[in-house]
Structures are given as structure tokens and as C-alpha cells.
Amino acid sequence: MRLRLIAVGTRMPDWVNSGVEEYRKRLIGGVTLEIVEIPAGKRVKNADIARLTEREGEQMLAALHPSEHIIALDVKGKPHSTESMAARIAELMQAGKPVALLVGGPEGLAPAALARAEEKWSLSPLTLPHPLVRVLFAEQLYRCWTLIKGHPYHR
């Protein structure tokens, strides 16, 4: 199964890149995680935030492949336990479709990106810093993978 995390923001701190890489290298035997970075618009004084978010959304939509199942990560999305997320990932694996997950910028996802999503998931009712979402998702994906494979990582 190929998953792509399409996220607004570039030049992540080293702790983000190393955290994501730690879990990516553990994913062996059928699951890959790719990070696609979308440049964030410059948030300067008097910037048109709605237009910046719209442009970020356009870039996200342009990065999608036609065959991908689209999931928006959004605080208002469906909350999952690790077990329910693992079950959903197992279903998606069974379907054999690649998956793209969308992570918005400081103001969240553009309305067009949310509308394009086939599912909306919430990783937490908290508003999380977007760099942390990358690491958190990578860890949860690995945790779900170990549940599916019967590995003892999730106790």
C-alpha cells in the first residue's frame, strides 16, 4: 500500500524529518509513506489569508493522482482509536488503492481540498502544530501496521 502525506509546509526542523524517517524505515513488507510538501504562502501583515489558503489547496489538488483515495486530516473529521484506524487501513489495503492524506497549513485545509476528500479523519480534538502531525501520523501508521501484522509494538 502506498500512502502519500501531502502537507503544507517546507523546511521542517530536523526533529520532524528524523521522527518521520524513523517510522518510515520501520514500515517494511507492503506499506510505504511518502511526504509531499506544498509551499506555504507568506503570511505577512495584511495578507489575504483566504486567498493564500485557496492557493495552497490548488497546489494540493494538483499533486493528487487520479487513482488515489483522498483522506483529509482535519480536527472536525471522524475520530479514530488506533484499533479503528488499523481496521480502516486494512480495508484500504484490501481495496488496493493508493491513499493520499491531506494536511493543511496554519488555517487548515482549503475548502476545495476538504470537498475533494472522500473521508475526513481527526487525529485529535486538539489543534496540533502541522510539523507534529507528520511525526504523529507516521507513528500511528506504523502502530496500525503492527496491529494488522500481529506485531507486539501496540500493547
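Residues numbered from 1 in each chain as written. Predicted model: local features only at pLDDT ≥ 70, side-chain atom pairs only at ≥ 80, totals over all residues. Heavy atoms only, no water.

We now examine unusual backbone geometry. The backbone phi angle of Arg11 is positive, close to 50 degrees, even though this residue is not glycine. Here Arg11 shows up in the loop between β1 (2–8) and α1 (14–26). Accessibility expressed as a relative area gives 78% for Arg11, which makes it exposed. At Asn46, a position not held by glycine, the phi torsion is positive, near 65 degrees. Its place among the elements puts Asn46 in the loop between β2 (32–38) and α2 (49–63). (Helix = DSSP H or I, 4+ residues; strand = E, 2+ residues; numbered from the N terminus. Buried < 20%, exposed > 50% of the residue type's maximum accessible area, 1.4 Å probe, protein only.)

Count 3.6 residues to each turn of an α-helix, and residues three or four apart come out pointing the same way. Between its first and last C-alpha atoms α2 spans 21 Å; for 15 residues at 1.5 Å apiece the expected length is 21 Å, and the two agree. Along α2, the residues classified as buried are Leu52, Thr53, Glu56, Gly57, Met60 and Ala63. The buried residues of α2 occupy an angular sector of 140 degrees when the element is viewed end-on, so they sit on one face. Exposed side chains of α2 directed beyond 90 degrees from the buried face belong to Ala50 and Ala62. (Expected span 1.5 Å × (residues − 1). Arc of directions from axis to C-beta.)

For soluble globular proteins, the rule of thumb is that nonpolar side chains tend to be buried together. Core analysis: the largest hydrophobic core is formed by 29 residues, its most contacted members being Leu3, Leu33, Leu73, Leu101, Trp121, Phe137 and Leu141. Among the elements of the structure, β1, α1, β3 (69–79), α3 (82–95), β4 (99–103) and α5 (130–149) are those that each provide at least two residues to this core. Leu73 has contacts with Leu5, Leu101, Leu102, Val103, Leu109, Trp121, Leu123, Val133 and Phe137, leaving out every residue within four places of it along the chain. Counting residues in each nonpolar core, the second largest holds 14 residues, with Val36, Ile38, Leu102 and Leu109 among its members. (Core = buried A, V, L, I, M, F, W, Y, C linked by side-chain atoms within 4.5 Å. Contact = heavy atoms within 4.5 Å.)

A separate point is the packing of aromatic side chains. Across all of its chains, the model carries two aromatic pairs by this definition. Ring geometry for Tyr23 and Tyr142: centres 6.1 Å apart, planes at 40 degrees, overall tilted. Of this pair, Tyr23 sits in helix α1 while Tyr142 sits in helix α5, and the two are 119 residues apart along the sequence. With respect to class, Tyr23 is no different from Tyr142; both count as buried. (Phe/Tyr/Trp six-rings, centres within 6.5 Å; stacked < 30°, edge-to-face > 60°.)

All quantities given are derived from atomic positions and should not be read as evidence of function.
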